[in-house]
Amino acid sequence: MAAFGTAAGRPLGRGGSPGFRFTLYAAVAVVVMYLDQRQHYLEQLRYVLQAGAYPVQLAVNSPPAAWAWIRRSFESRDRLQAENARLRAGQRDLELRSMRYEALEHENGELRGLRAALPPVADRWLAAEIVNVQLSSLRQRLLIDRGAVNGVFKAQAVLDDRGLIGQTTHVGPWSAEVILITDPEHAVPVRIERTGLRTIAVGAGDASSLALPYLPANADIKSGDLLVTSGLGGVFPQGYPVARVTEVHRDAVQPLAHVRAAPLAHIDTDSEVMLVWFRADHPAAPRPTADSLGELRSGTSSMQPQAAPPQPQAVPPRPQAAPPRPQAPAAAPQPATPRPQSVPRKQPAESQAAEPKAAAPQPATPEPATPEPATPEPATPQPATPQPDAPQSKEGQ
Amino acid sequence: MNAPGRGRILFTALVALVLTVLPLPPWLDVLRPVFLVLAVLYWSVNAPRTGDIALGFFAGLTLDVFQGPVLGQHALALTLVTYIAVREHQRIRYKPAFQQALFVFGALAVYEFVLFAIDGWSGHPVTSPLRWVHAVTGALLWAPVAAILGYGSRRHA
């Protein structure tokens, strides 16, 4: 390696000073980490740094963007016409469906005894272009070209036209980082649409699957079930489609079922996503506890209000990691309507908010502090939950 | 030796940063070495006065902004690695390429271990063994990277 021969060897001449400077910088780094992680003092600094980083991120993304632009500008007329026709048909479809939807909404409002139908929960939305993508097994993040100047805030829901994509974690002035629902550090509280059973979907680290690690083996779930957001956790409003169950695997010796689901959003092919603002006073809106909201706004330690449980990838987690779903017996038979469950929830949520904040990063996980239905015997699935329809649902499987 | 200027070091660091954050397909992303760390290592070994521990710290802070869950994580790891490199630069500089690559492998392993430990402490554990792959590819790519970085200074000399 001739390159190394050029520099004349020269004594360090600053005896001990590298060690001193190392100590200095290391101390600064540790302090910065502490402030960022525990005290959340550094949001401003991050904001500035993110602004500085944005040009590099844009530049890095420019070759793929240029390529996409070239391809688009040479698209043939026929293809554009075909696409136009398809879009028009799609829009007609959607309009028809939304007509029906409005009628249903109205009816629903009447049934709930409200004077008038509620406005949609989404107040306004903003399309954002994806500037940079990190889709590795360690991190599933997007960088989008909207930031604080557009009103984007931290822990804001991000959707595409099919389903949930993720939420913002760091917001800069002109850009924001989005953590995807498939990131191994992300967990989203979901509800199985068919049964109303609530659980948590954890990212599996690849763009096409989510894990549902906390379902008991006798839970009523089968492949094809639609998962929608449950509205707990204070970030996503309830009822937005998240994923479809693709794989249910029950093992006689495991207390928990091994369930995989495929996100509905086209996470790896999207070029545009939607940032959504929700009406705070809507019953379906995310209902953060006062505590978790404050923490979100001022920057959480782990950025995402529902951080992943200890080992997201460990497929069948230890039994005590997931207390068996406490509300499973109640929720399974009839899908509880959102109204009665979200309103009286308010109180337990607030009283509960105090203790899990520091220890467990998920602010409002569905389990309302249940010490008593403690861990089921790992070997025997039968006594796990006293669910009346459990055997029947098992046979139906 | 004419010490490479600050501008040159900053320029190469910027190029290395771009290479580090360039979007790549996932399989390639796993293999990609952290070019910025390689560049910082090169300068700490070959220009320990200009490319100093400060360079490591600020390069690490930049990496934190781009891909760190906690601000300061990469900064600490890179500060440590830079310190080792600056301290040992006399010994490393004249070693044959193979032994240098071994040193780089060790440095990258230390770097990744610090990241791994901080990941664990800060509650973002990533236990996939894939995270260690870049230490190997980084060591393998050390010779060409060093050749490219050294090209200009050889011409100046």
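Procedures and definitions
Residues numbered from 1 in each chain as written. Chains lettered and ligands numbered in written order. Predicted model: local features only at pLDDT ≥ 70, side-chain atom pairs only at ≥ 80, totals over all residues. Heavy atoms only, no water. Helix = DSSP H or I, 4+ residues; strand = E, 2+ residues; numbered from the N terminus. Buried < 20%, exposed > 50% of the residue type's maximum accessible area, 1.4 Å probe, protein only. Contact = heavy atoms within 4.5 Å. Areas by Shrake-Rupley, 256 points an atom, 1.4 Å probe, with all protein chains shown as cover. Axes fitted to C-alpha atoms, helices over the stretch in contact; angles between N-to-C directions. Parallel < 35°, antiparallel > 145°, perpendicular 65-115°, else oblique. Nonpolar A, V, L, I, M, F, W, Y, C, P; charged D, E, K, R; others polar. Patch = residues over 30% accessible without salt bridge, like charges linked within 9 Å, V, L, I, M, F, W, Y side chains within 5 Å. Salt bridge = Lys/Arg side-chain N within 4 Å of Asp/Glu carboxyl O. Expected span 1.5 Å × (residues − 1). Phe/Tyr/Trp six-rings, centres within 6.5 Å; stacked < 30°, edge-to-face > 60°. Lys NZ or Arg CZ within 6 Å of the ring centre and 35° of its normal. pLDDT = per-residue confidence, 0-100. Pairing = 2+ DSSP bridges. Core = buried A, V, L, I, M, F, W, Y, C linked by side-chain atoms within 4.5 Å.

### Remarks on the overall build of chain A
Assigned secondary structure in chain A consists of nine helices and 12 strands. Scored against the burial criterion, the 397 residues of chain A give a buried share of 46%. Taking as baseline every contact in chain A between residues at least 6 positions apart, the subset at least 24 positions apart corresponds to 68%. On chain A, roughly 19800 Å² of surface is accessible, and the fraction owed to carbon and sulfur atoms is 58%.

### Observations regarding the packing of helix α2 (residues 43-73) of chain A against helix α4 (residues 53-67) of chain B
Interhelical geometry of α2 of chain A versus α4 of chain B gives an angle of 85° and a closest axis separation of 9 Å. Judged by the angle between their axes, α2 of chain A and α4 of chain B are roughly perpendicular. Together, Arg46, Leu49, Gln50, Ala53, Val56 and Gln57 of chain A of α2 of chain A and Asp64, Val65 and Phe66 of chain B of α4 of chain B make up the contact between the two elements. By residue class, the composition of the contact of α2 of chain A with α4 of chain B is five nonpolar, two polar and two charged.

### Topic: a nonpolar patch on the surface
Residues and elements named next belong to chain A. A cluster of nonpolar residues, Trp67, Trp69, Ile70 and Phe74, forms a patch on the protein surface that exposes about 540 Å² of accessible area. Following the sequence through the fold, tryptophan 67 ends up in helix α2. Of the residues examined, tryptophan 67 reaches a relative accessible area of 52% and is grouped as exposed.

### Here's the deal with helix α3 (residues 35-46) of chain B
Residue and element names in this part refer to chain B. Over its 12 residues, α3 extends 16 Å from the first C-alpha to the last, a length consistent with the 16 Å expected when each residue adds 1.5 Å. Across the 12 residues that make up α3, a large majority, 12, are buried. Every buried residue belonging to α3 is among Phe35, Leu36, Val37, Leu38, Ala39, Val40, Leu41, Tyr42, Trp43, Ser44, Val45 and Asn46, and all of these are buried.

### Concerning the packing of aromatic side chains
The full count for this structure, using the stated rule, is seven aromatic pairs over all chains. Aromatic rings pair up to connect Tyr25 of chain A together with Phe57 and Phe58 of chain B into one cluster. One cation-aromatic arrangement involves arginine 124 of chain A over tryptophan 277 of chain A; the distance from NZ or CZ to the ring centre is 4.0 Å.

### Points about the pattern of salt bridges
Residues and elements named next belong to chain A. Scanning the model with the defined rule gives 11 salt bridges over all chains in all. Between arginine 141 and glutamate 177 there is a salt bridge; the shortest N-O distance is 3.1 Å. Here the residue arginine 141 occupies a position in strand β2 (residues 140-144), and glutamate 177 occupies one in strand β5 (residues 176-180), the gap between them amounting to 36 residues. Comparing arginine 141 with glutamate 177 shows no difference in burial state: the two are buried.

### Some thoughts on the confidence of the model for chain B
Fine structural detail should not be taken from predicted coordinates in areas where pLDDT scores are low. Taken residue by residue, chain B gives an average pLDDT of 84. The fraction at 70 or more is 92%. We note a pTM of 0.61 for the whole complex and an ipTM of 0.82 for its interfaces.

### Describing the sheet that holds strand β7 (residues 198-203) of chain A
Residues and elements named next belong to chain A. In spatial order, the strands read β6-β7-β8-β11-β10-β9; together these six strands close into a barrel with antiparallel pairing. Here five bridges tie strand β6 (residues 187-192) to β7, and the two strands are oriented antiparallel to one another. Residue valine 188 lies in a different strand from β7, and its bridge partner there is alanine 201.

### Structural notes on the nonpolar core
Membership of the largest hydrophobic core comes to 58 residues, with the highest contact counts inside it found for Val37, Leu41 and Tyr111 of chain B. Of all elements in the fold, only α1 (17-39) and α2 of chain A together with α1 (6-21), α3, α4, α5 (73-87), α7 (97-121) and α9 (142-156) of chain B reach the threshold of two or more residues within this core. Tallying contributions element by element places α3 of chain B first for this core, with 10 residues. The contact partners of valine 37 of chain B, leaving out residues within four places of it in the chain, are Leu63, Leu78, Leu108 and Tyr111 of chain B. By size, the runner-up hydrophobic cluster in this structure holds 48 residues, among which are Leu227, Val235, Val259 and Ala265 of chain A.

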